[in-house]
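Now for the letters of each chain:
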Amino acid sequence: MNSNIVLIGFMGCGKSSIGRRLASRIGHSFMDSDELIIARAGGKSISDLFAEEGEERFRERETAELRELVGVQGIILATGGGAVLSQENRDLLRSIGTVVWLHADSETLFERATRSRKRPLLEVENPRGTFNALLESRIPVYEATAELKVHASGLSHEQTVEEIVRALEGSGKASFGPSGDSACSV
Ligand code: S3P
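In this report, we go over the structure that sits alongside the text. Remember, predicted model here, so these are calculated numbers, not experimental data.

Let's shift gears to the sheet that holds strand S4 (residues 98-103). The strand order across the open sheet built from five strands is S2-S3-S1-S4-S5, with neighbouring strands paired in parallel fashion. A single partner strand is all that each edge strand has here, and the edge strands are strand S2 (29-32) and strand S5 (148-151). Here the average twist between neighbouring strands, direction ignored, is 25°. Bridge count for strand S1 (residues 5-8) against S4 is four bridges, and the pairing is parallel.

Turning to the site of the ligand, a few remarks are in order. By nearness alone, 13 residues border the ligand, and Lys15, Asp34, Arg59, Arg119 and Arg138 come closest of all. Take Lys15: an N or O atom from its side chain is 2.6 Å from an oxygen atom of the ligand. The side chain of Arg119 places a nitrogen or oxygen atom 2.6 Å from an oxygen atom of the ligand. When isolated, the ligand has an accessible area of 390 Å², and the protein chains bury 95% of it. The residue inventory of the shell around the ligand, partitioned by class, reads five nonpolar, three polar and five charged.

What follows covers helix H3 (residues 46-53). The periodicity of an α-helix, 3.6 residues per turn, causes residues three or four places apart in sequence to face the same way. Regarding H3, the residues found buried are Ile46, Leu49 and Phe50. Buried positions in H3, seen along its axis, are confined to an arc of 100° and lie on one side of it. Packing partners of the buried residues in H3 comprise helix H2 (33-40) and helix H4 (55-69). Of the residues flanking the end of H3, it is Gly54, one or two places downstream, whose phi is positive at about 90°.

The biggest cluster of nonpolar side chains holds 44 residues, and the ones touching the most others in it are Ile5 and Ile8. Take this core: its biggest share by element is five residues, from helix H7 (residues 127-145). In this view, Ile8 contacts Lys15, Thr79, Val84, Leu93, Val99, Val100, Trp101, Leu102, Tyr142, Thr145 and Ala146; residues no more than four positions away in its chain are not counted.

Let us now look at the environment of Ala78. Mapped onto the fold, Ala78 is located in strand S3 (residues 75-78). On the basis of relative accessible area, Ala78 is assigned to the buried category, the value being 1%. In this structure the C-alpha to C-alpha distance between Ala78 and Ile8, which are 70 residues apart in sequence, comes to 6.7 Å. When sequence neighbours within four positions are dropped, the list of residues in contact with Ala78 reads Leu7, Lys15, Ser16, Phe30, Met31, Asp32 and Ser33.

Cut-offs used in this document
- Residues numbered from 1 in each chain as written.
- Predicted model: local features only at pLDDT ≥ 70, side-chain atom pairs only at ≥ 80, totals over all residues.
- Heavy atoms only, no water.
- Pairing = 2+ DSSP bridges.
- Helix = DSSP H or I, 4+ residues; strand = E, 2+ residues; numbered from the N terminus.
- Axes fitted to C-alpha atoms, helices over the stretch in contact; angles between N-to-C directions.
- Near = heavy atom within 4 Å.
- Polar contact = N/O pair within 3.5 Å; in protein donor to acceptor, adjacent residues only side chain to side chain.
- Areas by Shrake-Rupley, 256 points an atom, 1.4 Å probe, with all protein chains shown as cover.
- Nonpolar A, V, L, I, M, F, W, Y, C, P; charged D, E, K, R; others polar.
- Buried < 20%, exposed > 50% of the residue type's maximum accessible area, 1.4 Å probe, protein only.
- Arc of directions from axis to C-beta.
- Contact = heavy atoms within 4.5 Å.
- Core = buried A, V, L, I, M, F, W, Y, C linked by side-chain atoms within 4.5 Å.

None of the figures reported here should be taken as evidence of function without further support.
As structure tokens, then:
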């Protein structure tokens, strides 16, 4: 087993901000699949990529980035909410590291996911309806893909990070020092 942690979950669950904090908590490097896609596309935003190339091409880009990460050590990876949709990606995520599903209640997710206009899937006529349908169809996929689930509703980012650490330690998947100690063993 490697010490990498892969965060999955719906748009707005806080994968990137919590992932960044988790990385500094345990002394890993933080990576974000959306950011890798943007960098490889020369800085084009996710919205522009969806508009110019379509979702299917975006999914190919996402898979290509995940393939590149297999074998990389010492990372916390935040993924896009749809990264779990294909079987290939699910296999890739699990070979990259321990997969943790970051969940939150739907009101929190909706509020956070629509706060910025960076999420092309929700830039539609009926964002709430689309959100509900997507969330409903994806929950079982997150459930089936993750080795651990952490509920972040009502918790600060710091508390969520500690919940993740506790969940990983409790499951015997990793052992970390107290906050401030970056030692990590698996
Ligand atoms: C998507 C989620 C986004 C981004 C893209 C598609 C999805 O990432 O990858 O807009 O299909 O749920 P976040 O989950 O970080 O918003």
